[in-house]
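# Overview (structure and organization)
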Amino acid sequence: MAIVSGSCRLGLWHVHVWWSGNVVHRVRFATTGISGTVPGPVLRYCAGMPADLSVLGSIALDGDSLSAEIYRAVRDVSYGSTATYGAIAARTGTAPRVVGRAMAHNPTPLVIPCHRIVGARGIGGFTPSVEIKEALLSMERKGTRKVPR
DNA sequence: AACGTACACTTAT
DNA sequence: ATAAGTGTACGTT
């Protein structure tokens, strides 16, 4: 299946997605958009709906490398909740720092919700801007609020 | 191939 | 507040 690309708006940023069927090859944040569309779940998610992005696959999930295992563990963190680098590390039998590195190199953010992985103390980092991470987390908190205020 | 350094961390002084 | 421990990747010898 051919790889197609597209982008959609997410707050002040544009998210570019390269994908093929329901497998996402690359996701990236940029300040400008490109032509083309993105997978439905991504579109809904960016619109602020609690879309389930785990229906999408990611090339980063394949294989039995350590990073693939870490990505699989991260993918299990559900919408609106968070986990610490240390927790993911414990679950995959490695060190927190390694999880941080894997997150930094995550080829498909959102699909693999690396923004839900925070530090034991602080929020942790995010490429290209930690502001995106904060925005995503606050958006998810609102999205899962059971009783509207 | 060894070595040093840089990290999206954590835990212990 | 600072330091030491940790695993992997990457640039330099």
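Please read these numbers as outputs of a predicted model, since none were measured by experiment. Per chain, the residues get numbers from 1 upward, laid out in the order the sequence is written. Each chain is given a letter, starting from A, and each ligand a number, starting from 1, according to the order in which they appear as written. At least 70 in pLDDT is required for a residue's local features to be given in this predicted model, at least 80 for side-chain atom pairs to be given and counted, and no such filter applies to totals for whole chains, interfaces and linings, which use all residues. No hydrogens and no water enter the side-chain calculation; it runs on all heavy atoms of the structure.

Turning our attention to the protein's contact with DNA strand B. Near is defined per residue: the residue qualifies when any heavy atom it owns lies within 4 Å of the molecule or strand. Around DNA strand B lies a shell of 17 residues, among which Tyr-85, Arg-97, Arg-101, Ala-120 and Gly-125 are the nearest. Each atom of DNA strand B within 4 Å of the protein was classed as base or backbone; sugar and phosphate made up 40%. Two N or O atoms form a polar contact when they lie within 3.5 Å of each other; inside protein one atom must be a possible hydrogen donor and the other a possible acceptor, and for residues adjacent in sequence the pair counts only when both atoms belong to side chains. The separation between a base nitrogen of DNA strand B and a polar side-chain atom of Arg-97 is 2.7 Å. Met-103 places a polar main-chain atom, nitrogen or oxygen, 3.1 Å from a base nitrogen of DNA strand B. Segments assigned H or I by DSSP are reported as helices when at least four residues long, segments assigned E as strands when at least two residues long, and all are numbered from the N terminus. Taken together, the elements giving at least two residues each to the surface near DNA strand B come down to helix 3 (85-92) and helix 4 (96-104). It is helix 4 that provides the largest number of residues to the surface near DNA strand B, a total of six residues. Of the residues assigned to the surface near DNA strand B, the class counts are seven nonpolar, six polar and four charged. Gly is placed with the polar residues, together with every amino acid not listed as nonpolar (Ala, Val, Leu, Ile, Met, Phe, Trp, Tyr, Cys and Pro) or charged (Asp, Glu, Lys and Arg).

Another point: the sheet that holds strand 3 (residues 23-30). One requirement defines pairing of two strands: DSSP has to find at least two bridges between them. Ordered in space as 1-2-3-4, the four strands form an open sheet in which the pairing is mixed. Edge positions in the sheet fall to strand 1 (4-10) and strand 4 (57-58), since each has one partner strand and no second. As defined by bridge partners, strand 2 (residues 13-20) adjoins strand 3 across seven bridges and the pair is classed as antiparallel. Note that in strand 3 the partner of Ser-20 across the bridge is Val-23.

Turning to the layout of surface pockets, a few remarks are in order. Over the atoms a probe the size of a water molecule is rolled, and this reveals where empty space is left. Definitions used for this entry: grid spacing 1 Å over protein atoms alone; cavity, a set of points where a 1.4 Å probe fits but cannot get out; pocket, an open set with protein on both sides within 12 Å along at least 5 of 7 lines; lining residue, one with an atom within 4 Å of a point. Grid points are joined across faces, edges and corners, and a volume is the space filled by probe spheres set on the points. Space inside the largest pocket adds up to approximately 280 Å³. Lining the largest pocket we find 17 residues, and of these Met-103, Ala-104, Asn-106, Pro-109 and Thr-127 sit closest to its centre. The set of elements that each furnish at least two residues to the lining of the largest pocket consists of strand 3 and helix 4. Top contributing element to the lining of the largest pocket by residue count: strand 3, with four residues. Here the residues of the lining of the largest pocket sort into ten nonpolar, four polar and three charged.

Here, nonpolar core means buried Ala, Val, Leu, Ile, Met, Phe, Trp, Tyr and Cys residues that are tied together by side-chain atoms lying within 4.5 Å of each other. A simple rule labels every residue: compare its accessible area, found with a 1.4 Å probe on the protein chains alone, to the largest value its type can have, and call it buried under 20%, exposed over 50%, or partly exposed in between. Counting residues in hydrophobic clusters, the biggest one holds 39 residues, and the most contacted among them are Val-15, Val-17, Val-42, Tyr-45, Ile-88, Met-103 and Ile-117. The leading source of residues in this core is helix 2 (residues 66-75), at four residues. It only takes one pair of heavy atoms within 4.5 Å for two residues to be counted as in contact. Every residue in contact with Ile-88, bar those within four places of it in the chain, is listed here: Ile-70, Ala-73, Val-74, Val-77, Ala-83, Val-99 and Ile-117.

Around DNA strand C, the structure places Leu-66, Thr-94, Ala-95, Arg-97, Val-98 and Arg-101. Of everything in DNA strand C that lies within 4 Å of the protein, sugar and phosphate atoms constitute 50%. It is helix 4 that provides the largest number of residues to the surface near DNA strand C, a total of three residues.

The subject of this paragraph is the side chain of Lys-133. Within the fold, Lys-133 resides in helix 5 (residues 130-143). Lacking a salt bridge, the buried Lys-133 has Glu-134 as its closest oppositely charged neighbour, with an N-O distance of 9.0 Å. Polar side-chain contacts of Lys-133 include one of 3.0 Å to the backbone oxygen of Gly-125. Under this rule, positive means Lys or Arg and negative means Asp or Glu; His and the chain ends count for nothing. In what follows, salt bridge is the name for a side-chain nitrogen of Lys or Arg lying within 4 Å of a carboxyl oxygen of Asp or Glu.

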